[in-house]
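Survey of secondary and tertiary structure
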Amino acid sequence: MKIGFFVTCLVDLMRPRIGFAAIRLLEAAGCTVEVPMTQTCCGQPGYNSGDRASARALAFKVLEEFEAFDYVVAPSGSCAGMIRVHYPDLFRDEPALLARIQALGARTFELTDFLVNVAKLEGVPGRFDGTVTYHDSCAGLRELGVQDQPRALLARTGAELREMTESTTCCGFGGTFSIKFGDISARLADDKCVNACATGAEAIVGGDLGCLLNIEGRLRRRGDETTRVLHVAEVLAGEDGQPARREP
Amino acid sequence: MEVASPRFKARAAHKLADPALQKALTRVKIKFVPARAQAAADFGDFEALREAGRAIRDRALADLDLWLERFEREATARGAVVHWARDAAEANAIVLAIARENGVRKAAKSKSMVSEECALNDALEGAGIEVIETDLGEYILQLNHEPPSHIVAPVIHKNKEEIADLFEEKHHRPRQTGIAELCREAREILRPHFLSADMGISGANFVVAETGSTVILTNEGNGRLVTTLPRIHVAITGIEKVVPTLEDLSVLLRLLPRSATGQTITNYVSVNTGTRGEGESDGPQQFHIILLDNGRTRVLHSELREMLACIRCGACMNHCPVYQAVGGHAYGWVYPGPMGAILTPLYVGLENALDLPHAATLCGQCSAVCPVKIPLPDLMRKLREQQVERRLRPAAERRGLKLWAWVARHPRLYALGTRLAVRYLRWLADETGRIRVLGLAPEWTSGRDFPAPEPRTFRERWQAGERPGAQPGARP
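Residues numbered from 1 in each chain as written. Chains lettered and ligands numbered in written order. Predicted model: local features only at pLDDT ≥ 70, side-chain atom pairs only at ≥ 80, totals over all residues. Heavy atoms only, no water.

Now for helix H2 (residues 16-28) of chain A. Residue and element names in this part refer to chain A. Helix length check: H2, at 13 residues, gives a terminal C-alpha distance of 19 Å against a target of 18 Å (1.5 Å per residue), a fit within 8%. Across the 13 residues of H2, 10 count as buried, placing the element largely inside the fold. Turning to H2, its buried residues are Pro-16, Arg-17, Ile-18, Gly-19, Phe-20, Ala-21, Ala-22, Ile-23, Leu-25 and Leu-26. One or two residues past the end of H2 sits Gly-30, with phi positive at roughly 90°. (Helix = DSSP H or I, 4+ residues; strand = E, 2+ residues; numbered from the N terminus. Expected span 1.5 Å × (residues − 1). Buried < 20%, exposed > 50% of the residue type's maximum accessible area, 1.4 Å probe, protein only.)

Pasting the structure below:
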């Protein structure tokens, strides 16, 4: 299977190790992974801000860059959801392009969804001998149905999952919402931190870097220096920056 | 009602800093959310019910004019008078004319959001007519001169101590603190008004074309008194509330209370059909039904038409994290939450509610629980697009988005930009790897740190030949 890996602009800029971890997982699942170097952003900030023209231009760019692959995989439910669920809206009046966009969308997956349901990954490379709590990011959950997949994979690392209250409630990130309505956004992030920390888990794990930056940012501002905030790919690939403790 | 929506951001900040309100708002999460989930689970195939509800609303909207004409014929045949109001001013003028012709001095009202939309109480009081709100929540708000903050639980923002204080001050009676005692006190004050009112005013959750009936769902019984005791009953509602048949109504009756409060049925379901007949012992002598447009026809012919399917259950606001955090008053007009983020700009003008379609994270929980499956986030996005098309967004935001999109279409430039951005952000970060103040996004760092990026972008490392597994420096 030839995979076009969509890095996402946030992973490229902020946390490249998530990208490398995701590729490691895809390769462990037997995929051939290519990373088109002209890729930039899926266009979601423009789309959600009402700038259809900009979003359409970037969607077309993604189409041309990724159309040749068997699958497109992104370490983000938000970006994968943009491509699969929202791109068709941008081409609703262009039948020829719409067909191509829909075909691309049908082959576009969030990472854990792809690993479980398409690549059927058996074992995972990572080992995590600790407790985690999982935050369900909105787009992955409600647009793509990502909920059991990351949990199933996390269980294979040896991690103990402790569910938080309201794991499916928005963390308040919302892309540009987080910088337009900072105080509301921070308040929602605070609720998320309280619920996550109440589990006593060592790490808050999620599948979307935007949410994770929001949660980590609020966590540190609250003075929590110890709870780790990790992308699910880092944990699954054993790239979370800490050696696994040996079983006694 | 005055439109305070342009000040959403400032009002929201104020609400976030109000500890009493914050405590009161926790009831939304604790009560409504689990109650709706339980009711949906107990029902069985709630998804099928939602589909059925949506299909009924779509059928009504597809031939709205025909169903409305049918409604008018059937209602008229049963002795009611149907009035058509283009806007709030016309609706108020119709009520005032009815009041004048019949020498009305006192009107008792049951809850009606459409009457809030029209500011009907102000119009009546301006004409010297005494108006008494008889829904407990609305009554409390009337005493305190406040608008509702929720469409189903209008006084959700208040606690019982505040209400006890208010009753003591306004009723001149000894202060009661128990909920039952407070309710009894309100009941004692309100009962004579039902008996002495010349006119009863209600809204309508639905109007049924087949029978010319108006339908209200209530829990307190005041609706039934208001619609049957006074000699004149005026029902005021929006033209979109029509449903074709009683059979259709039965589906929506299953959907609405479960979605709103988690009840299988409200305590009262009143189907008002025609005036008091010969030999009947109750019912009004005159039954006037005012059907308000106020922008609805325009919406029907727009890309936001789906919003007219709304049955006003309030599930969208109950499940909205933003509503849960700031409450209804922050939204600044009649309808709060996701529903209000769409209805307010549609009915008061896009330019008068610029923040509202943006005041959501687009998390999608509202549409996940909407009983008639309205894709509320998509509709908010359409309003955002209209703002951009009409150049209503701030110039800096428009330029910023254009610049970002232009750079993102030029990969080399983009790569350079991100390399520089990473260096800049790391320069801003302190020794613990976090940025405390970010000039480019001050709203972020007012309540959160901004985690510093890793030293080099993914693109730099990949182009340098780094691959997973054996990368030096991949673990900072």
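Take the domain arrangement of chain A next. All names here are of chain A. Per the domain assignment, the segments making up chain A are domain 1 (2-117) and domain 2 (131-237). Here domain 1 and domain 2 have C-alpha centroids that lie 22 Å from each other. Each partner contributes residues to the interface: domain 1 has 28 residues there, and domain 2 has 22 residues. Buried area between domain 1 and domain 2, summed over both chains or domains, comes out near 2,000 Å², and the portion from carbon and sulfur atoms is 68%. For domain 1, the biggest contributors to the area lost against domain 2 are Leu-10, Ile-18 and Thr-112; these three give 23% of the whole. Run the count over domain 1 and domain 2 and you get 1 salt bridge. Here Arg-17 ties to Glu-234 by a salt bridge, and the two come within 2.5 Å at their closest N and O atoms. Counting the contacts that link domain 1 with domain 2 gives 8 residue pairs in polar contact (both at pLDDT 80 or more). (Domains from an automatic or database assignment. Contact = heavy atoms within 4.5 Å. Buried area = accessible area lost by both parts, 1.4 Å probe. Salt bridge = Lys/Arg side-chain N within 4 Å of Asp/Glu carboxyl O. Polar contact = N/O pair within 3.5 Å; in protein donor to acceptor, adjacent residues only side chain to side chain.)

Attention now moves to the nonpolar core. Membership of the largest hydrophobic core comes to 116 residues, with the highest contact counts inside it found for Ile184(A), Phe8(B), Met199(B), Met307(B) and Val326(B). Not counting residues up to four positions away in its chain, the partners in contact with Ile184(A) are Phe177(A), Phe8(B), Ala12(B), Leu16(B), Val322(B) and Val326(B). Val118(A), Val232(A), Leu236(A) and Ala452(B) belong to the second-largest nonpolar core, a separate cluster that totals 64 residues. (Core = buried A, V, L, I, M, F, W, Y, C linked by side-chain atoms within 4.5 Å.)

All names here are of chain B. Those residues of helix H8 (residues 136-144) that sit buried are Gly-137, Glu-138, Tyr-139, Ile-140, Leu-141 and Leu-143. Residues of H8 that are buried in the fold lie against helix H6 (113-118), strand E3 (130-133), helix H9 (160-171) and helix H10 (179-196). Residue His-145 follows H8 closely and has a positive phi angle near 55°.

Further remarks concern the environment of Thr361(B). Secondary-structure assignment places Thr361(B) in the loop between helix H16 (337-348) and helix H17 (365-369). Looking at Thr361(B), the relative accessible area reads 11%, which means it is buried. Along the sequence, Thr361(B) and Ile374(B) sit 13 residues apart, while their C-alpha atoms lie 17 Å from each other. Contacts of Thr361(B), omitting those with residues within four sequence positions, involve Cys170(A), Gly172(A), Gly174(A), Phe177(A) and Leu188(A).

All names here are of chain A. A sheet is described by the order of its strands in space; here 4 strands give the open sequence E2-E1-E3-E4, paired in parallel fashion. Of all the strands in the sheet, the pair left with one neighbour each is strand E2 (32-34) and strand E4 (108-110). Neighbouring strand axes in the sheet, compared pairwise and without regard to direction, differ in orientation by 35° on average. Relative to E2, strand E1 (residues 2-5) runs parallel, the two sharing 3 bridges. Counted as the bridge partner of Gly-4 is Glu-34 from E2. Contacts between helix H5 (residues 77-90) and the sheet are confined to strand E3 (71-74) and E4, with E4 contributing the most and set at about 155° to the helix. (Pairing = 2+ DSSP bridges. Axes fitted to C-alpha atoms, helices over the stretch in contact; angles between N-to-C directions.)

The next subject is the pairing of strand E2 (residues 106-109) of chain B. All names here are of chain B. Here E2 shows a buried face lined by Lys-106 and Ala-108 and a second buried face lined by Ala-107 and Lys-109. Bridge analysis of E2 against E3 gives 4 bridges, and the strand direction is parallel. Residue pairing for E3: Ala-107 is matched across the bridge by Val-131. With 3 bridges connecting them, E2 and strand E4 (residues 199-202) associate as parallel partners. Bridge assignment links Ala-107 to a residue of E4, and that residue is Met-199.

All names here are of chain B. Where helix H2 (residues 19-43) contacts helix H3 (residues 46-62), the two axes come as close as 8 Å, and the packing angle between them is 95°. Regarding the angle of H2 to H3, the classification is roughly perpendicular. For the pair H2 and H3, contact is made by Arg-36, Ala-40 and Phe-43 and by Phe-46, Leu-49 and Arg-50, respectively. The residue makeup of the contact of H2 with H3, split by class, is 4 nonpolar, no polar and 2 charged. (Parallel < 35°, antiparallel > 145°, perpendicular 65-115°, else oblique. Nonpolar A, V, L, I, M, F, W, Y, C, P; charged D, E, K, R; others polar.)

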